[in-house]
Amino acid sequence: HVKYEIRPRRGPNAKNDNYHHLHDMPNSGSGSGSDNGCGSVYSAMIAKTTDGGNTFTTQVSDTTGFYFNEISCSDAKHCVAVGTGESGAVFYTTSDGNRWVQSYQLQSSATYAWEVIAVAFNKGKKGEVWVAGSLQTQSGNTEAVFWCSIDYGNTWKKGSQTLGNIAVIMDI
């Protein structure tokens, strides 16, 4: 039995769980994703177990400024994890169950910020996976945005429809 977990990393670069829930714009003054030159406040890790959780092997460990929000797997080899951080949002993909690659990135700016929270494989269509996220502008406007992949997360296409005035989609 294979199991994946996403975990906040512990130690001097670990994110503060309270800070995790701030959705302020970069450089807004009340929570920009940085801690004034002392290093990133975000970190990300994906760990895998094959023995029911007795031991874990770290597959992704990153302290460059993002954290994972969710992971979804269609089987033990095909998974997608999504994360958010200082510079935007990231999608990570594995097609062998061991090696992860960043397959997509959404770059935030001083006037808008991307966030992705939810990812799910479509159990009815082999290889199809969906990601839900949001775009927030500095003026406070928000919209929900969706991305789809039909090749297990190797390539992505932004959905043509958005939902206005939706700040966060937590599940799909």
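Here goes a summary of the coordinates provided. (Residues numbered from 1 in each chain as written. Predicted model: local features only at pLDDT ≥ 70, side-chain atom pairs only at ≥ 80, totals over all residues. Heavy atoms only, no water.)

### Comments concerning the nonpolar core
Nonpolar side chains tend to gather and get buried jointly when the protein is soluble and globular. Of all hydrophobic cores here, the largest spans 16 residues; its most connected members are Phe91, Val116, Val131 and Trp147. Put simply, the parts of the chain that give this core at least two residues each are strand 5 (79-85), strand 6 (88-94), strand 8 (112-121), strand 9 (129-137) and strand 10 (142-149). Examining the composition of this core, we find that four residues originate from one element, strand 8, more than from any other. Here Val116 is in contact with Asn69, Val82, Gly83, Thr84, Ala89, Val90, Phe91, Leu106, Val131, Ala132, Gly133 and Trp147, once residues within four sequence places are set aside. (Core = buried A, V, L, I, M, F, W, Y, C linked by side-chain atoms within 4.5 Å. Buried < 20%, exposed > 50% of the residue type's maximum accessible area, 1.4 Å probe, protein only. Helix = DSSP H or I, 4+ residues; strand = E, 2+ residues; numbered from the N terminus. Contact = heavy atoms within 4.5 Å.)

### Examining unusual backbone geometry
Backbone geometry at Tyr152 places phi at a positive 65°, although glycine is not the residue there. Structurally, Tyr152 can be placed in the loop between strand 10 and strand 11 (157-158). Residue classification places Tyr152 among the buried residues on the basis of a relative accessible area of 16%.

### A look at the side chain of Thr93
Relative to the helices and strands, Thr93 is located in strand 6. A distance of 2.8 Å separates a polar atom in the side chain of Thr93 from a polar atom in the side chain of Ser103. With near-sequence residues (within four places) excluded, Thr93 lies in contact with Cys79, Val80, Arg99, Trp100, Val101, Ser103, Tyr152, Gly153 and Asn154. (Polar contact = N/O pair within 3.5 Å; in protein donor to acceptor, adjacent residues only side chain to side chain.)

### Considerations on the state of the cysteines
For the structure on display, the rule yields one disulfide. Disulfide pairing places Cys73 opposite Cys79 at an S-S distance of 2.2 Å. Its S-S torsion of approximately 105° makes the covalent link between Cys73 and Cys79 right-handed. (Disulfide = S-S within 2.5 Å.)

As far as function goes, none of this settles anything; it's purely spatial.
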